[in-house]
Amino acid sequence: QVQLVESGGGLVQPGGSLRLSCAASGSIFSINYMGWYRQAPGKPRELIAGITNSDTTNYADSVKGRFTISRDKSKRTVYMQMKSLKPDDTAVYYCYAAQNGYDYWGQGTQVTVSS
């Protein structure tokens, strides 16, 4: 079992920045992939960034150049630095982990971009 706890969401003005954190605990030794999804009201959940065990990253086109995913292995934490935020980035952001065919999700953290 893997537990994921997100933090760092909040209200930010357009053009601002936020950093999300996802702390993993439990049986984390065989996690293959971690990522961030988001879900806006009335829209499906979408993958926006991911990172593999070898630190290969991938991004959705909508966030490329603005969001950066990284991880600190010693702290068992994955981060997502978000810059140049837009109102369209408003959503609940979920941390995700894949381990041996199982999917794990955090509880989500709200990000609201508004003036």
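Structure shown above.
Residues numbered from 1 in each chain as written. Predicted model: local features only at pLDDT ≥ 70, side-chain atom pairs only at ≥ 80, totals over all residues. Heavy atoms only, no water.

Caption draft 1: Structural detail: the sheet that holds strand S3 (residues 18–26). Spatial ordering of the open sheet is given by S1-S3-S8-S7, a layout of 4 strands whose pairing is antiparallel. Here the strands that pair on one side only, and so sit at the sheet edges, are strand S1 (2–7) and strand S7 (67–72). Between one strand axis and the next, the sheet turns through 20° on average, direction left out of account. Here 6 bridges tie S7 to strand S8 (residues 77–82), and the two strands are oriented antiparallel to one another. Bridging across to S8, Ile69 finds its partner in Met80. (Pairing = 2+ DSSP bridges. Helix = DSSP H or I, 4+ residues; strand = E, 2+ residues; numbered from the N terminus. Axes fitted to C-alpha atoms, helices over the stretch in contact; angles between N-to-C directions.)

Caption draft 2: Inspection of the packing of aromatic side chains at higher detail. The tally for this structure, following the rule as stated, stands at 4 aromatic pairs. When the centroid spacing of 6.4 Å and the interplanar angle of 65° are considered together, the rings of Tyr33 and Tyr96 count as edge-to-face. Of this pair, Tyr33 sits in strand S4 (residues 33–39) while Tyr96 sits in strand S9 (residues 91–99), placing them 63 residues apart in sequence. The exposure class assigned to Tyr96 is buried, which follows from its relative accessible area of 10%. Where Tyr37 meets Tyr96, the ring centres are 5.4 Å apart and the plane angle is 65°; that geometry is what we call edge-to-face. Remark: Tyr96 occurs in strand S9 and Tyr37 occurs in strand S4; sequence separation between them is 59 residues. (Phe/Tyr/Trp six-rings, centres within 6.5 Å; stacked < 30°, edge-to-face > 60°. Buried < 20%, exposed > 50% of the residue type's maximum accessible area, 1.4 Å probe, protein only.)

Caption draft 3: View of the environment of Ile31. On the secondary structure map, Ile31 appears in the loop between S3 and S4. Judged by its relative accessible area of 8%, Ile31 falls in the buried class. Between the C-alpha atom of Ile31 and that of Tyr104, which follows or precedes it by 73 residues, the distance is 9.9 Å. Not counting the four nearest positions on each side in its chain, Ile31 is found in contact with Val2, Asn53, Ala97, Ala98 and Gln99. (Contact = heavy atoms within 4.5 Å.)

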